[in-house]
Amino acid sequence: MERLFDTHIIRKSRECAPVWTLTTLDEGGLTGPEKVIVPSVWESHPALRKYRGRGVYEQKITAGGNVRIWLDGVSFRAKVYLDGALLAEHYGAYTGFEALEQSLPEGEHTLRVEADNRYDADSALHIPNDYYAYGGINRPVIVEEVGNVYITWLHVTPRKTAGGWTVDAQVSLRNLGDQPFHGTLRLSLTGKEATEEIEIQSHETSLFELSMDCGKVTPWSPENPKLYQVTAKLLENGEAIDDIIDRIGFREIRVEGKKLLLNGQPLLLKGFNRHEEYGSFGLSAPVEAMMQDIHLMRDLGANCVRTCHYPNDPLFLDLCDETGLLVWEESHVRGFTEDKMRHPRFMEQLRQCTIEMAEQHYNHPAIFVWGSLNECADDTEYGAACYREIFSLLRKLDQSRPVTAALLERPGGKVYGDMDVVSINIYPQWYHNTPVQDGLNRKLLEAAQGGGENKPVIVSEIGAGAIYGYHDPFGEAKWSEERQCAILKAQITAVLSHPDVMGIFLWQFADVRVAEEWAMGRPRTYNNKGVVDEYRRPKMAYQIVKALFNK
Ligand code: ADA
């Protein structure tokens, strides 16, 4: 399932059939072709649990004309071929991309997707890390037939006015044809319409802006997550030739001093860091499992989730829009020293991921903040310059949301003054024995003195590990469920009672598999700081967190 609703009525668009043939090309792979389900990761196949290499997926599609294949996520590099011809290449597992073939003869064609999860010298972001870098087609593949002119994306920004709400829309259109296109663009929302006569030169992509007064509508909020369908339609000589449908919520996010306001109301954030990762499915979970996570997080008293450390499946974001769970979404990078940030392709690859994230997820009302560069070198001149560049890129892509980055606990941060929301990751009582209050105050003081005074502050990570089912009756042993309870209790109590902090994201919701290279500091080759384990079995901490979050 790609989304929770139809994204086109006029454009012919359908998800590929689920059963594909997978062949592996490198050592440690399959002995022959296997039937697999797309989307999934190949690690869910018992023979490929640790496979790092290339996998070739094949599927027949029936289509003709201008065929646009949309791949929502291929891990980690992808090459897309149609009838043997290379159509597209992509870097990055967590954002979508298109492969386009023009004037394809009507009939059956062979779609071939080569996924590659090897670490290579050319790859800056994809390295062995504190989560697992899976392989395969991890999100849906969509086959579309478009005319010579089609809509590439639609962004809608709601704005509160004296009389109600207005939206400002941006529509990106592409003309594949040899002739200039003349037509009409129509935006429909809340029963109202706005139209504009447009012209696009041949072989160009153009951006059009429309505004529309929507009058009185029901605003979107975590308590009442009201969604509205918005449609952009393209007409030629009065006839509809293409469309794109999305959902929006009427809400505005604003920073005011130390407060983060949603439609004027200050937010108090209580939530979780959540990797897209499930015991049996790795990165690629069925929608029921995503929804179960949301139910569990809400049961725990959470009102927000952080998509550490990469953009999430649009389907999960749809569910957050639907249930009112606020989202911190961030582009893909975790824990880079200056050294790694100096990789010649680092900024190019991070920029690409950041642009694709903001472009593809712009309309989700649940996303309240953009993040990037989790725990990188914010303490060096070079590192700080990278942070600044990504912050300004995010602000250019989206003026309606604040920007932030989860910063390391060590001192010396240089970018507090550059972000709208100050976010700090601290682990008192787990990685060191400092009393929680002291550890928190130390970092808050540094942030305030370093340019972050009078800004909202979020504790973006705090937590402790426990191995599911390991008990210590004295409650002292690290990795016991009892010790995790005691530490989380001290951490949550200190953070939530601190007058300068407006949010907490616990590290973490569920245990996650990590790279083999991390195994010595990570029992079971898992990051065990989940409140539930990788199969969502609650640890003792579940009830503690639930009680404290619901207090
Ligand atoms: C970091 C990091 C997480 C995770 C966590 C931990 O701060 O951002 O990805 O590694 O710490 O468990 O130590």
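Residues numbered from 1 in each chain as written. Predicted model: local features only at pLDDT ≥ 70, side-chain atom pairs only at ≥ 80, totals over all residues. Heavy atoms only, no water.

Draft legend 1. Looking closely at helix H7 (residues 481-496). When the terminal C-alpha atoms of H7 are compared, their 22 Å separation across 16 residues agrees well with the 22 Å that a helix rising 1.5 Å per residue should span. Among the residues making up H7, those that are buried are Glu-481, Glu-482, Arg-483, Gln-484, Cys-485, Ile-487, Leu-488, Gln-491, Ile-492, Ala-494 and Val-495. In this structure, the buried side of H7 is in contact with helix H6 (436-452), strand S28 (457-461), strand S29 (503-506) and helix H8 (541-549). (Helix = DSSP H or I, 4+ residues; strand = E, 2+ residues; numbered from the N terminus. Expected span 1.5 Å × (residues − 1). Buried < 20%, exposed > 50% of the residue type's maximum accessible area, 1.4 Å probe, protein only. Contact = heavy atoms within 4.5 Å.)

Draft legend 2. Spatial organisation of the environment of Arg-186. On the secondary structure map, Arg-186 appears in strand S13 (residues 181-189). Discounting residues that sit within four places of it in the chain, Arg-186 has contacts with Glu-193, Ala-194, Thr-195, Thr-231, Ala-232, Lys-233 and Leu-235.

Draft legend 3. Representation of the packing of H7 against H8. One way to put it is that H7 packs onto H8 with a least axis distance of 9 Å and a crossing angle of 15°. Classed by the angle they form, the pair H7 and H8 counts as roughly parallel. As for how H7 packs across H8, the hand of that crossing is right-handed. Of H8, the residues touching H7 (which contributes Gln-484, Cys-485, Leu-488, Lys-489, Ile-492, Thr-493 and Leu-496) are Ala-541, Ile-544, Val-545, Leu-548 and Phe-549. A per-class count over the contact of H7 with H8 returns 9 nonpolar, 2 polar and 1 charged. (Axes fitted to C-alpha atoms, helices over the stretch in contact; angles between N-to-C directions. Parallel < 35°, antiparallel > 145°, perpendicular 65-115°, else oblique. Left-handed = near helix turned anticlockwise from the far one by under 90°. Nonpolar A, V, L, I, M, F, W, Y, C, P; charged D, E, K, R; others polar.)

Draft legend 4. Structural view of the site of the ligand. The ligand sits among 13 residues. The nearest are Asp-130, Glu-375, Tyr-431, Glu-461 and Lys-529. Side-chain polar atom of Arg-334 to an oxygen atom of the ligand: 2.7 Å apart, as the coordinates give it. The contact in question runs from an oxygen atom of the ligand to an N or O atom on the side chain of Tyr-427, over 3.5 Å. For the ligand, whose accessible area on its own is 320 Å², the fraction buried by protein is 96%. Looking at side-chain class alone, the shell around the ligand contains 3 nonpolar, 4 polar and 6 charged residues. (Near = heavy atom within 4 Å. Polar contact = N/O pair within 3.5 Å; in protein donor to acceptor, adjacent residues only side chain to side chain. Areas by Shrake-Rupley, 256 points an atom, 1.4 Å probe, with all protein chains shown as cover.)

Draft legend 5. The state of the cysteines, seen in detail. Tallying each qualifying case throughout the model produces 0 disulfides. Distance from the sulfur of Cys-320, which forms no disulfide, to the nearest cysteine sulfur (Cys-304) is 10 Å. (Disulfide = S-S within 2.5 Å.)

Draft legend 6. View of the pairing of strand S22 (residues 304-307). Side chains Cys-304 and Arg-306 of S22 all project onto a buried face; the interleaved residues Val-305 and Thr-307 project onto the opposite face, where all are buried too. Note: strand S21 (residues 269-273) against S22, 3 bridges, orientation parallel. Bridge assignment links Gly-271 to a residue of S22, and that residue is Cys-304. In this view, the connection linking S21 to its parallel neighbour S22 by way of helix H1 (residues 287-299) has right-handed handedness. Following the chain from S22 across helix H2 (residues 314-323) to the adjacent parallel strand S23 (residues 326-330), one finds a crossover that is right-handed. (Pairing = 2+ DSSP bridges. Right-handed = clockwise from strand over helix to strand, strands pointing away.)

Draft legend 7. Quick peek at the pattern of salt bridges. Applying the stated criterion across every chain yields a total of 40 salt bridges. Connected through salt bridges with shared partners, the residues Arg-11, Arg-68, Glu-98, Glu-144, Arg-174 and Asp-242 form a single ionic network. (Salt bridge = Lys/Arg side-chain N within 4 Å of Asp/Glu carboxyl O.)

Draft legend 8. Seen up close, the packing of aromatic side chains. This structure, assessed with the given rule, holds 15 aromatic pairs. Both rings, one in Tyr-131 and one in Tyr-310, keep their centres 5.9 Å apart while their planes meet at 65°; by these two values the pair is edge-to-face. With a gap of 179 residues between them, Tyr-131 in the loop between strand S8 (97-116) and strand S9 (136-137) and Tyr-310 in the loop between S22 and H2 connect regions that are remote in the sequence. Residue class for Tyr-131 comes out buried when judged on its relative accessible area of 4%. Aromatic rings pair up to connect Phe-76, Tyr-91, Tyr-94, Tyr-131 and Tyr-310 into one cluster. The aromatic ring of Tyr-132 is capped on one face by Arg-52, whose charged end is 5.3 Å from the ring centroid. Just above the ring of Tyr-526 sits the side chain of Arg-524; from NZ or CZ to the centre is 4.4 Å. (Phe/Tyr/Trp six-rings, centres within 6.5 Å; stacked < 30°, edge-to-face > 60°. Lys NZ or Arg CZ within 6 Å of the ring centre and 35° of its normal.)

Draft legend 9. Summary view of the nonpolar core. Counting 103 residues, the largest nonpolar core has Phe-272, Phe-346 and Leu-506 as its most contacted members. The element that contributes the greatest number of residues to this core is helix H5 (residues 381-397), accounting for 7 residues. Residues Tyr-57, Ile-61, Ala-99 and Val-141 belong to the second largest nonpolar core, which totals 30 residues. (Core = buried A, V, L, I, M, F, W, Y, C linked by side-chain atoms within 4.5 Å.)

Draft legend 10. Representation of the sheet that holds strand S18 (residues 253-256) in the model. The 3 strands lie next to each other as S18-S19-S20, forming an open sheet whose pairing is antiparallel. Each having just a single partner strand, S18 and strand S20 (265-266) make up the two edges of the open sheet.

Draft legend 11. View of the sheet that holds strand S25 (residues 403-404). The sheet built from 9 strands is open, its strands ordered S25-S24-S23-S22-S21-S29-S28-S27-S26 with parallel pairing. Each having just a single partner strand, S25 and strand S26 (406-407) make up the two edges of the open sheet. Both S21 and S29 contribute to a ladder of 4 bridges, which runs parallel. Looking across to S29, one finds that Gly-271 is bridged to Phe-505. The strands that H2 touches are S22, S23 and strand S24 (367-371); relative to S23, the one it contacts most, it runs at about 150°.

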